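# A closer look at the structure
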Number of protein chains: 2
Amino acid sequence: MSSTAARPGTPTLDQVASLAGVSRATVSRVVNDSPRVSPTAREAVRAAVETLRYVPNRAARSLVTRRTDTVALVLSESGTQLFSDPFFASIVQGLSAHLADTDRTLVLLAARDRREQEKIGRYARQGHVDGVILLSLHSDDLLPGILASSRVPLVLSGRPLDGREVSYVDADNAGGAAAATRHLLAQGRTRIATITGPLDMVAGLDRYAGYRSALEAAGRTPDPDLVDGGDFGEVGGMRAMSRLLDRAPDLDAVFVASDPMAAGALQALRTAGRRVPDDVALVGFDDAPLAQACDPPLTTVAQPLGEMTALMLELLLRRIEDADAPVETRVCATHLVRRASA
Amino acid sequence: MSSTAARPGTPTLDQVASLAGVSRATVSRVVNDSPRVSPTAREAVRAAVETLRYVPNRAARSLVTRRTDTVALVLSESGTQLFSDPFFASIVQGLSAHLADTDRTLVLLAARDRREQEKIGRYARQGHVDGVILLSLHSDDLLPGILASSRVPLVLSGRPLDGREVSYVDADNAGGAAAATRHLLAQGRTRIATITGPLDMVAGLDRYAGYRSALEAAGRTPDPDLVDGGDFGEVGGMRAMSRLLDRAPDLDAVFVASDPMAAGALQALRTAGRRVPDDVALVGFDDAPLAQACDPPLTTVAQPLGEMTALMLELLLRRIEDADAPVETRVCATHLVRRASA
DNA sequence: GTGAAAGCGCTAACAT
DNA sequence: ATGTTAGCGCTTTCAC
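Residues numbered from 1 in each chain as written. Chains lettered and ligands numbered in written order. Predicted model: local features only at pLDDT ≥ 70, side-chain atom pairs only at ≥ 80, totals over all residues. Heavy atoms only, no water.

## A few points about the interface of chain B and chain A
In plain terms, the rule: A contact between two residues is defined here by any heavy atoms of the two lying within 4.5 Å. Once two parts are brought into contact, the accessible area they lose, counted with a 1.4 Å probe and summed over both, makes up the buried area. Here, a salt bridge means any Lys or Arg side-chain nitrogen found within 4 Å of an Asp or Glu carboxyl oxygen. Distance and chemistry together define a polar contact, namely a pair of N or O atoms within 3.5 Å, with one atom able to donate a hydrogen and the other to accept it when in protein, and with adjacent residues in sequence counting only for side-chain atoms on both sides. Working definition: helices are DSSP H or I runs of at least four residues, strands are E runs of at least two. Numbering for both runs from the N terminus.
Each partner contributes residues to the interface: chain B has 50 residues there, and chain A has 51 residues. Both faces considered, chain B and chain A share a buried interface measuring about 4800 Å² in area, 54% of it formed by carbon and sulfur atoms. The residue Arg115 of chain B makes a salt bridge to Asp101 of chain A at a minimum N-O spacing of 2.7 Å. At the boundary of chain B and chain A, one finds 13 residue pairs in polar contact (both at pLDDT 80 or more). At the level of elements, α4 (58-65), α5 (86-100), β2 (105-111), α6 (114-125), α10 (234-247), α11 (259-271) and α12 (289-293) of chain B are the ones that each hand at least two residues to the side of chain B that touches chain A.

## Regarding the protein's contact with DNA strand D
The following threshold applies: Here a residue counts as near a molecule or strand whenever at least one of its heavy atoms sits within 4 Å of it. Side-chain classes follow a simple rule in which Ala, Val, Leu, Ile, Met, Phe, Trp, Tyr, Cys and Pro form the nonpolar group, Asp, Glu, Lys and Arg form the charged group, and the remainder, Gly included, forms the polar group.
The local shell around DNA strand D holds 29 residues, among which Leu13, Arg24 and Tyr54 of chain A together with Ser38 and Arg66 of chain B are the closest. Restricting attention to atoms of DNA strand D within 4 Å of the protein, one finds that 61% of them are sugar or phosphate atoms. Backbone polar atom of Asn57 of chain A to a phosphate oxygen of DNA strand D: 3.2 Å apart, as the coordinates give it. Between Ser23 of chain B and DNA strand D, the recorded distance is 2.7 Å, taken from a backbone N or O atom to a phosphate oxygen. Put simply, the parts of the chain that give the surface near DNA strand D at least two residues each are α2 (24-31) and α4 (58-65) of chain A together with α2 (24-31) and α4 of chain B. Among the elements that take part in the surface near DNA strand D, α4 of chain A stands out by supplying 5 residues, more than any other. Taken together, the residues that form the surface near DNA strand D break down as 13 nonpolar, 9 polar and 7 charged.

## Side note on the packing of α2 of chain A against helix α3 (residues 39-52) of chain A
Residues and elements named next belong to chain A. We apply this condition: Axis angles are defined between N-to-C directions and span 0 to 180 degrees, where every axis is a line fitted to C-alpha atoms and, for a helix, only to the segment in contact. Angle categories: roughly parallel below 35 degrees, roughly antiparallel above 145, roughly perpendicular from 65 to 115, and oblique for all the rest.
Running from N to C, α2 and α3 point in directions that differ by 85°, and their axes come no closer than 10 Å. If you check the angle between α2 and α3, you find them roughly perpendicular. From α2, Thr26, Val27 and Val30 reach across to α3, where they touch Ala41, Arg42, Val45 and Arg46. In terms of residue class, the contact of α2 with α3 is built from 4 nonpolar, 1 polar and 2 charged.

## Quick notes on the environment of Pro56 of chain A
This is how the line gets drawn: Exposed residues in this analysis have more than 50% of their type's maximum accessible area, buried residues have under 20%, and partly exposed residues fall in between, with area computed by a 1.4 Å probe over protein chains only.
For Pro56 of chain A, the location among the structural elements is in the loop between α3 and α4. Note on Pro56 of chain A: relative accessible area 18%, which makes it buried. Sequence-wise, Pro56 of chain A and Ser28 of chain A are 28 residues apart; in three dimensions their C-alpha atoms are separated by 9.2 Å. When neighbours within four sequence positions are excluded, Pro56 of chain A is seen to be in contact with Val31 and Arg61 of chain A together with Gln126 of chain B.

## Comments concerning the protein's contact with DNA strand C
Surveying the vicinity of DNA strand C reveals 30 residues, the closest of which are Arg29 and Arg66 of chain A together with Leu13, Arg24 and Tyr54 of chain B. In the environment of DNA strand C, a phosphate oxygen lies 2.4 Å from a nitrogen or oxygen atom belonging to the side chain of Tyr54 of chain B. Between DNA strand C and the protein, one listed contact pairs a phosphate oxygen with a backbone N or O atom of Asn57 of chain B at 3.2 Å. Residue assignment for the surface near DNA strand C shows that the elements contributing at least two residues are α2 and α4 of chain A together with α2 and α4 of chain B.

## Topic: the domain arrangement of chain A
Residue and element names in this part refer to chain A. Applicable threshold: Start and end points for every domain follow an automatic or database-based domain assignment.
Structurally, chain A comprises domain 1 (13-65), domain 2 (70-170 + 306-330) and domain 3 (173-302). For domain 2 versus domain 3, the separation of C-alpha centres amounts to 29 Å. Taken together, the contact pairs 12 residues of domain 2 with 14 residues of domain 3. Carbon and sulfur atoms make up 51% of the surface buried where domain 2 meets domain 3, a total of about 990 Å² over both sides. Asp206 serves as the salt-bridge partner of Arg159, at 2.5 Å between the closest nitrogen and oxygen. Here domain 2 and domain 3 share 4 residue pairs in polar contact (both at pLDDT 80 or more) between them. Grouping the amino acids of the side of domain 2 that touches domain 3 by side-chain chemistry returns 4 nonpolar, 5 polar and 3 charged.

## Structural notes on α6 of chain B
Defined as follows: Under the convention used throughout, the expected extent of a helix is 1.5 Å for every residue step, that is, one less than its residue count.
For α6 of chain B, with 12 residues, the first-to-last C-alpha span of 17 Å sits near the 16 Å given by 1.5 Å per residue. Within α6 of chain B the residues assigned to the buried category are Glu116, Gln117, Lys119, Ile120, Gly121, Tyr123 and Ala124 of chain B. Considering only its buried residues, α6 of chain B is in contact with β1 (70-76), α5 (86-100) and β2 (105-111) of chain A together with β1 (70-76), β2 and α7 (143-148) of chain B. Gly127 of chain B, located one to two residues past α6 of chain B, shows a positive phi value of around 85°.

## Quick look at the pattern of salt bridges
The tally for this structure, following the rule as stated, stands at 38 salt bridges over all chains. With a shortest N-O distance of 3.2 Å, Arg247 of chain A and Asp228 of chain A are connected by a salt bridge. A residue pair is termed long-range when its members are at least 10 positions apart, and Arg247 of chain A in helix α10 (residues 234-247) and Asp228 of chain A in strand β7 (residues 227-229) qualify at 19 residues. Here Arg67 of chain B and Asp69 of chain B are joined by a salt bridge, their closest N and O atoms 2.8 Å apart. Look at Arg67 of chain B and you get partly exposed, because its relative accessible area is 41%. Linked by salt bridges that have partners in common, Asp225, Asp228, Arg243 and Arg247 of chain A make up one network.

Laid out in structure tokens, this is it:
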């Protein structure tokens, strides 16, 4: 082969240039929407781009611009657990929606074990993405450390458990849980149980802490028999509810720390022949399809997911534009959504 | 600035070279595990890489190699629907696991609407990924067309509905559904209903076709009253089951086309006071947490997900290595998993 | 407004 | 076994 005639599959900038009868620089300007181009030239280039079906080569571009226009959402989760969580789906949806208006693309990266975590660290360091949003942190997660030390702009979804200095966006989990518990207290419930999430995750811990604090503020002593835990999933909620019923059949309310667990708990209650909400009142966490499909629909604590995703992106973009931007953290309010009984 | 001293943040190949006292080429050889390097040089380079924390720049590398070592799993789904499907989680898990042994990385791309589909098409064309596995195809999906015409190596998960010539891997959905239905017939069930998936998806269509063909082979005429549909999700299954019970309270079995829908159907049956499996027998599709957590565990049709993901990757890598490799298609057997009643 | 030229950091012949 | 050299396709001064 002589010059660049190797693979006719992908047209290059100067093929467009010669077809349009201008220089590479001009084509580049048109492609990048520079104002310093005459309408005539612009039109000629556009036409050439069209005929050749030209698409700029990202590698070449980011080699010089040092940007990829890609941000990653990293899911650090051992099992496939996370995928079934509507919370996760909402985050993806929110980020996608915000990014749709820009020319950046969202990619999802899953790290199920240590090996994959390191692989993702390398991926980020190699400059494949401009920034990272990190989701679902267990206390033993290596990724925050790996990514933080790799100088990749980083925003966490959820406050880091180890007090590390990183930008993050979180919901007021403790406040929401406390509000839910107070709601049950105000109904006159006296034996209020809880199904917690994993206690090595900040959302699990904070929601449990909120439940306890509301109980204590009301002068109640939390009863260990009324506490059980799941993994935020439906099956876990079902099992936890069964155990609670075994240990404390006299319970009259449950604060459940996630929507799928609430759906599971509801099944267990029905299987045990308990009536909801008269006999046992249930409050879930997180507005989601399952809670809304219940009959009657569950009262839940709602997080402002749209606001949270917008904030994550805002914080991340700030750090991408300015590498030395200060660490910023945001905590979003949660609120109780009471649903009319059917 | 004079030469390349701009950002000391990212060391380059020749910084490593001069520190190690060798040429760039040698460093490149070491980094790429070429055997043609002396142990001495190799060690010197390794040390320099270590001190400088050198990581190769992916853009520069793929500019010359024309590879990115990245494959994308593209999820084409209007809602957040897909994420809650355990089938999807298993696919991700399987692909991740296979890729973990290689130096390729898996990225997930979500296309929720037309705009995002086009964006993903561009992303692929720009050379960000070496190949694409495309999941969850509705009949009106634009992505197969967009990607096929963009010359990106492509493998579909599921037979394309329009008969387009593309490589794909599919499960024998019709065969599995027929086996499930025959199983119910063999039990002496006479009023066998079905909850179908979306009928604009190949998995939905094929499973419904399998149900019908088994019925017809047994000399039964399918009764429209015994057919209802959901979106593969739990809530959809619950609602479909309620409708079926309204229309045909005498039904004595249901073949449900997905695991979450089966869980939903089970709830609806219990709410209606029907006993499972004595009163109404249930067969689900897809081994998944919900079906296994049922009491008694559901009999289900299992797809060989591990085998399927391995095949997808195999087909895709073949097309990546050799752009002119022929279109290949695989259909994997499914089989009935009978679970002992509790 | 437009073109010429210099690289971005890397790999891959080709010499040695 | 190692160094030299020539680009990969693009953006971006800097002249004109």
